[in-house]
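Here is how the chains run, residue by residue.
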Amino acid sequence: MSAAGLERPQLVAHVQQALTYTLFDCKWVPRSARLLCLGSAARGTGLLQLYELRGGRLALLREIEKAKPLKCGTFGATSLQQRYLATGDFGGNLNIWNLEAPEIPVYSVKGHKEIINSIDGVGGLGIGEGAPEIVTGSRDGTVKVWDPRQKDTPVANMEPVQGESKRDCWTVAFGNAYNQEERVVCAGYDNGDIKLFDLKTMSLRWETNIKNGVCSVEFDRKDINMNKLVATSLEGKFHVFDMRTQHPTKGFASVSEKVQKSTIWQVRHLPQNRDIFMTSGGAGSLHLWKYEYPSQRSKKDSEGAEMGVAGSVSLLQNVTLSTQPISSLDWSPDKKGLCVCGAFDQTVRVLIVTKLNKV
């Protein structure tokens, strides 16, 4: 092995735990060695399991059954003191749970007519400025922003305009929350549309189409001036958009990478280094990437307008863990290199990624 090979990060499978249900999402509980698994039991109910990492095993602390299968969850809109979990379910319900007393939600709203596919939170956990908001994206074609301090109505509702066909929204993410006023939501749809909604001006700020269903979008950081956005697709491709410079007609510069033939289900940026991110694939694999900035991030076009310049992406490491798609992925916000992923083989896996300070 070359000296360079020794320096490459390694993806080490640390613990794996077989589950008896379909796992849709997994999340680290902030400031703890605990993780959550959300999914659907065989009889069509929802399951929430809380595990603690104890050395080389996962100890089940609590299992809670809910009426509807749970599709997605986030801690992003809550304080570190509370660590409330917001979930979206198959019935279109948004619920917020206190994990210490999870029998009855602390907030509940019938948010959508159909399944909530994706959820994100901002304004809590020290993530971003401003209100503790939650965004939900649904099969009913709408994207809604909720403030848990306001009961039944969303503070923003992005839906197809009259006459426009409704598209299944598969993924949502907050970004640009660097002061009290600014905030955007990015949404990805089943037809390849990516839309950027500006919540300050309540307008559609930018849209593009990547020709294939958009499975996952994430900003490299939620709480800074928009910097980079990664979007992954059904056809094994991902796109990195440089969000610093928006050209009046060309939009944002981007670089794309074809990883494999199968779907890229998720993208997650390393909390301790925004230029490193992991993608999870339909072939049961994880790929670790690094983004390299160009020497100049913007240039002037022939008209004198600023346009962005895309960088490049390099593969640091990859590993195949499962014969089934890895559909959920979460880095620990506290321990660099600790990550959890859930796959359709009904297994949750905890990984340790080494040498991340070397890249």
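What you are looking at is a predicted structure, and each value in this text was computed from that prediction instead of being measured.

### Considerations on the environment of Thr171
- By secondary structure assignment, the location of Thr171 is in strand β14 (residues 169-175).
- Using a relative accessible area of 4% as the deciding quantity, one classes Thr171 as buried.
- Sequence spacing of Thr171 and Glu65 is 106 residues, and the spatial spacing of their C-alpha atoms is 25 Å.
- Apart from residues no more than four positions distant in its own chain, Thr171 is found in contact with Ser118, Cys186, Ala187, Gly188, Val214, Cys215, Ser216 and Val217.

### Details of the pairing of strand β21 (residues 251-258)
- When strand β20 (residues 237-247) meets β21, the two strands line up antiparallel, connected through 7 bridges. When the bridges of β21 are listed, His247 appears paired with Gly251.
- In this antiparallel pair of consecutive strands, β20 and β21, the connection spans 3 residues.

### Examining the packing of aromatic side chains
- Inspection of the entire model under this criterion finds 7 aromatic pairs.
- Measuring from centroid to centroid gives 5.4 Å for Phe24 and Phe90, while their planes differ by 40°, and the two rings are tilted. In this pair, Phe24 is assigned in strand β2 (residues 22-28) and Phe90 in the loop between β7 (85-89) and β8 (93-97), connecting sequence segments 66 residues apart.
- Looking at Phe24, the relative accessible area reads 18%, which means it is buried.
- The class of Phe90 is partly exposed, set by a relative accessible area of 34%.
- Taking the centre distance of 5.4 Å and the plane angle of 90° together, the rings of Phe238 and Phe277 count as edge-to-face.

### A short note on the sheet that holds β7
- The sheet built from 4 strands is open, its strands ordered β6-β7-β8-β9 with antiparallel pairing. Two strands in the sheet have a free side with no partner beyond their single neighbour: β6 (70-74) and β9 (107-110). Here the strands of the sheet are splayed against their neighbours by 20° on average, with no regard to which way each runs.
- Of the pairings in the sheet, the one linking β7 to β8 comprises 4 bridges and is antiparallel in character. When the sheet's bridge partners are listed, Gly88 is paired in β8 with Leu94.

Quick notes on the rules
Residues numbered from 1 in each chain as written. Predicted model: local features only at pLDDT ≥ 70, side-chain atom pairs only at ≥ 80, totals over all residues. Heavy atoms only, no water. Helix = DSSP H or I, 4+ residues; strand = E, 2+ residues; numbered from the N terminus. Buried < 20%, exposed > 50% of the residue type's maximum accessible area, 1.4 Å probe, protein only. Contact = heavy atoms within 4.5 Å. Pairing = 2+ DSSP bridges. Phe/Tyr/Trp six-rings, centres within 6.5 Å; stacked < 30°, edge-to-face > 60°. Axes fitted to C-alpha atoms, helices over the stretch in contact; angles between N-to-C directions.

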